[in-house]
Structure formats: C-alpha cells, structure tokens
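# Observations on the model geometry
Spelled out from the first residue to the last, the chains are:
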Amino acid sequence: MKKFNTQAPLASRFRTAVLAVLLVVIAGCSGLRLAYNNGDTVLYWWLNAYVDLDRDQKGWVRDDIGKLFDWHRKTQLKDYVDILHTGQKQLQGNITQADLMADYGEIKHRTQTLLLKAAPDLADLARSLKPEQLAQMEKKFKSNNDDYRKKYLSGDKDKRQKLRYKKAMEQFELWFGGFSSEQEAIIRKASDARPLDNEIWLDERMRRQQNVLNLVKKVQQEKLGKDATVSLINTLIRDSFERLEHSERKAFFDAYQDSTAQMVLTVIKIATPAQKAHAVKRMQGWIDDFNSLATQAK
C-alpha cells in the first residue's frame, strides 16, 4: 500500500470487521463457500462505510484485502478443520470446561494471527487517511454506540436478560437444531446466571475506540513512518487480546467467561443424541467446505 502520514483509527474496528466476516463463515450457513468467497468484498464495503475511501485508496485497498484473504485461505483453513475435528470428538465424549477454554484459546490465537498479519496493510491505510475520513469514522463510532444504547441499555433487567438469551439460542439452534420447552427453560436459567452489565461492555467499546483515536493522534503529530505505525498497531492488537487478563474489571470478565462456559456445558449435557448428531453433521459440512476452499487458493 502507499505511504502517507495521517490518521490511523482502524486497528480495533478492523478486528471487528474481520471477525464479522469469519463469523459469517463459521456460522455454517448453507452458502458457506459463497460467503467466504465474497468475504473480501464484504470487508471492503465495511471499511468504506467507516472511512469513505477516496479514488486513489480504493484500488490498493481492494488488492490488499484480496491478498489477505488468499493468505488466509492458503494457511489458516486447515487449522479450522483441525479445530472442528476436535469439536466433533469432544461432542461425542465427555467434554469439560477445561476443554472449552482450550478451544477458546485456540480460536483466540488464530484470530490474533490473522490480525497481526493484516497490521502492515492497516498501517498503510492508516497513514493514508485524511482529516475528513477521520471525522467520518468518529461519526460512525458515535452512531454505533447510540445503536448499542438503544438495543442493549433500554428496558429493565428482564428485558435485557431475554434479549441476551435470544441471541444465545440463535447460536445453539444453529448447532443443535430445535430444543424442547423443557430444554429451553434450563438454558434460560443458565443464560440468566451470567453477570449482566451492558454498561461495562459499552464502556469497554468506547475505551477501545479512544485507544485507537489516541494512536491516530500520535501517528499524525509525530509523522510516524510505516514501521513505527505497524508497531503501534501490533501493540494495540495484543493489548486488546490481553485486556481480559489485566483489566481492573478482571473479576467481572472472569465470572462472565466461567458462567458462559458453564452455559455451553449445560447445553451439551442436556442435548439428546439426535441433537449432538446434528451438531457433528453440521461441523462435518464445515470441514468439507473448508477443505474445498483451501484447495482454491490462487
């Protein structure tokens, strides 16, 4: 990418974009291959919505996103296959919370690897942004935060619990199919046992945004070169992954993580053999698709 010296508030938001694309893929929709094959376009338009890419930026941004996806296809999809094979075995055995945490750690590692790979391209884009593009990004941040407040900070505790339970059930039904009313009641109880504080999650979102904006100011004021900008972005990425372990809110994060793992274990425990077979079959479909996609690398 070209080298310019302006604002760079993309590291954290790019992480969200990449994860969104991966979630579309990992969600196992019927059009998984189509979704993945169009992931570069989805990511491009997501970035464009945040910064309103100019005529010069559009070409090399598309090119770099394409190269990132090609690298991902060549080097990462086989790892996803291994993770899914492990998941299949665990569902058919006696999975523990330690197993779930190990799975989470593996996915976290793969995600961080992807983001660090993207850091040089992010640095190029960051250094090419203009003041009006930064203003557009700040406007988008504010709009997203307003939407979050309307959706997750409105209503009483029961309403918020119900919304969170509904989102969890969408994922569980994707994996296991439908649940009986008795199973749903058990899952709802496990979901409600998780700590509920959406104000914390909003504050964490805004903290990340401010960290990115601080990075922008440093790049702009000190006229940093690419290497220095890459270093800052890498630090920001690593810090975001380590936040749960070193935050002043560690007790809350630990409680949320443990109770979420317990909820997942509860679902697996009460799942019928047919429901577990449904999950294993869906995973196999993803495995087949990932293997196929990996062979299509340029």
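In this text the structure is predicted, and so the values were computed from the model without any measurement.

## Concerning the nonpolar core
Formed by 44 residues in total, the largest nonpolar core has its most connected members in Val61, Phe172, Phe176 and Phe290. Sorting elements by how many residues they give to this core places helix α13 (residues 273–294) first, with eight residues. Setting aside residues no more than four positions away along its own chain, Phe176 makes contact with Leu91, Val267, Ile268, Ala271, Gln275, Lys276, His278 and Ala279. Within the second largest apolar cluster, 13 residues are counted, among which are Leu115, Ala119, Val219 and Ile237.

## Concerning the environment of Arg127
Within the element layout of this structure, Arg127 appears in helix α6 (residues 97–128). Expressed as a C-alpha distance, the spacing of Arg127 and Thr229, which sit 102 residues apart in the sequence, is 8.1 Å.

## As for a positive patch on the surface
Where like charges cluster on the molecular surface, the positive patch consists of Lys151, Lys162, Lys166 and Lys167. By the element assignment, Lys151 lies in helix α7 (residues 131–152).

## Some remarks on helix α4 (residues 55–75)
Three or four residues apart is the spacing at which side chains of an α-helix point the same way, because the helix has 3.6 residues per turn. The terminal C-alpha atoms of α4 lie 31 Å apart, and with 21 residues this matches the ideal 30 Å at 1.5 Å per residue to within 8%. Buried within α4 are the following residues: Gln57, Trp60, Val61, Asp64, Ile65, Leu68, Phe69, Asp70, Trp71, His72 and Arg73. Two or three places before Asp56, at the opening of α4, Asp54 has a side-chain oxygen 3.1 Å from that residue's backbone nitrogen.

## Quick look at unusual backbone geometry
Residue Asp52 is not a glycine yet carries a positive backbone phi of 55 degrees. Within the secondary structure, Asp52 is located in the loop between α3 (39–51) and α4. By relative accessible area, which is 52% here, Asp52 ends up exposed. Phi at Lys223 takes a positive value of approximately 50 degrees, unusual for a residue other than glycine.

## What about the pattern of salt bridges?
In a structure, side chains of opposite charge can pair up when their charged atoms sit close to one another. Inspection of every chain in the model, using the stated rule, returns 18 salt bridges. Put simply, Asp146 and Arg149 hold a salt bridge, and the shortest N to O gap is 3.0 Å. Placement of both Asp146 and Arg149 in helix α7 is noted, with a separation of three residues, approximately one turn of the helix. The salt bridge involving Arg249 is made with Asp203; its shortest N-O contact spans 2.8 Å. Residue Arg249 is located in the loop between α11 (226–246) and α12 (250–270), and its partner Asp203 is located in helix α10 (residues 198–222); the two are separated by 46 residues in the primary sequence. Counted as one network, the salt bridges with shared partners bring together Asp203, Glu204, Arg207, Arg243, Glu248 and Arg249.

## A look at the packing of α3 against α4
Relative to each other, α3 and α4 sit at 140 degrees, their axes nearing to 9 Å. When the interaxial angle is binned, α3 and α4 end up oblique. Note on packing geometry: the crossing formed by α3 with α4 is right-handed. On α4, the residues that touch Gly39, Asp40, Leu43, Tyr44, Trp45, Leu47 and Asn48 of α3 are Lys58, Val61, Arg62, Ile65 and Phe69. The class makeup of the residues in the contact of α3 with α4 is seven nonpolar, two polar and three charged.

## A word on the packing of aromatic side chains
Here a ring pair, both rings aromatic, is described through the centre-centre distance and the interplanar angle of the planes. Scanning the model with the defined rule gives 13 aromatic pairs in all. One aromatic cluster is present, formed by Trp201, Phe252, Phe253 and Tyr256 through successive ring pairs. One Lys or Arg, Arg62, reaches over the ring of Tyr44 and ends 3.8 Å from the middle of that ring.

## Examining α3
When the terminal C-alpha atoms of α3 are compared, their 19 Å separation across 13 residues agrees well with the 18 Å that a helix rising 1.5 Å per residue should span. Those residues of α3 that sit buried are Gly39, Leu43, Tyr44, Leu47, Asn48, Tyr50 and Val51. Just downstream of α3 lies Asp52, where phi reads positive at about 55 degrees.

Rules behind the numbers
- Residues numbered from 1 in each chain as written.
- Predicted model: local features only at pLDDT ≥ 70, side-chain atom pairs only at ≥ 80, totals over all residues.
- Heavy atoms only, no water.
- Core = buried A, V, L, I, M, F, W, Y, C linked by side-chain atoms within 4.5 Å.
- Buried < 20%, exposed > 50% of the residue type's maximum accessible area, 1.4 Å probe, protein only.
- Helix = DSSP H or I, 4+ residues; strand = E, 2+ residues; numbered from the N terminus.
- Contact = heavy atoms within 4.5 Å.
- Patch = residues over 30% accessible without salt bridge, like charges linked within 9 Å, V, L, I, M, F, W, Y side chains within 5 Å.
- Areas by Shrake-Rupley, 256 points an atom, 1.4 Å probe, with all protein chains shown as cover.
- Salt bridge = Lys/Arg side-chain N within 4 Å of Asp/Glu carboxyl O.
- Lys, Arg positive; Asp, Glu negative; His and termini not counted.
- Charge placed at Lys NZ, Arg CZ, Asp CG, Glu CD.
- Expected span 1.5 Å × (residues − 1).
- Polar contact = N/O pair within 3.5 Å; in protein donor to acceptor, adjacent residues only side chain to side chain.
- Axes fitted to C-alpha atoms, helices over the stretch in contact; angles between N-to-C directions.
- Parallel < 35°, antiparallel > 145°, perpendicular 65-115°, else oblique.
- Left-handed = near helix turned anticlockwise from the far one by under 90°.
- Nonpolar A, V, L, I, M, F, W, Y, C, P; charged D, E, K, R; others polar.
- Phe/Tyr/Trp six-rings, centres within 6.5 Å; stacked < 30°, edge-to-face > 60°.
- Lys NZ or Arg CZ within 6 Å of the ring centre and 35° of its normal.

By themselves, these figures tell us nothing about what the structure is for.
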